[in-house]
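# Chain and residue survey
Okay, here's what each chain looks like letter by letter:
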Amino acid sequence: MRRDLAELDIATAYGHCKGLCHYAPVVHIDSQCLAEATIPDLLARLGRNGCD
């Protein structure tokens with residue numbers, strides 16, 4: 001997923017689990033958490049369609 005996000009020019013950083021491993025992959029955007037994240041879910045949350 002990290003490489004796919006880099007190809008979409010989305011910066012990523014590894015973080016601590018915070019007890020959410022069973023919801024992996026987990027994406028934190030500002031103070032919100034997106035559990036069982038997929039690329040389409042993340043792009044929707046960011047308001048992007050993946051083609052820009």
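Just above sits the structure.
Here's a quick rundown of the structure. (Residues numbered from 1 in each chain as written. Predicted model: local features only at pLDDT ≥ 70, side-chain atom pairs only at ≥ 80, totals over all residues. Heavy atoms only, no water.)

Another point: the nonpolar core. Among the nonpolar cores identified, the biggest contains 10 residues, and these are L5, L8, I10, V27, I29, L34, A37, I39, L42 and L43. Every element with two or more residues in this core is listed here: β1 (27–29) and α2 (39–46). (Core = buried A, V, L, I, M, F, W, Y, C linked by side-chain atoms within 4.5 Å. Buried < 20%, exposed > 50% of the residue type's maximum accessible area, 1.4 Å probe, protein only. Helix = DSSP H or I, 4+ residues; strand = E, 2+ residues; numbered from the N terminus.)

On to the environment of H28, then. With respect to the secondary-structure elements, H28 resides in strand β1. Each C-alpha atom of the pair H28 and L42 lies 9.9 Å from the other, and the pair is 14 residues apart in sequence. Not counting residues up to four positions away in its chain, the partners in contact with H28 are K18, L20 and C33. (Contact = heavy atoms within 4.5 Å.)

All right, on to the layout of surface pockets then. The space that makes up the largest pocket amounts to roughly 670 Å³. In this structure, the largest pocket is lined by 22 residues; those nearest its centre are A13, G15, V26, V27 and H28. Of all elements in the fold, only α1 (2–7), β1 and α2 reach the threshold of two or more residues within the lining of the largest pocket. For the lining of the largest pocket, the leading source of residues is β1, giving three residues. (1 Å grid on protein atoms, 1.4 Å probe; cavity = no way out; pocket = protein on both sides within 12 Å on 5 of 7 lines; lining within 4 Å. Points joined across faces, edges and corners; volume = space filled by probe spheres on them.)

Bringing the environment of D4 into the picture now. Turning to its location among the elements, D4 is positioned in helix α1. A relative accessible area of 38% places D4 in the partly exposed class. C-alpha of D4 to C-alpha of L34: the two residues are 30 residues apart in sequence and 17 Å apart in space.

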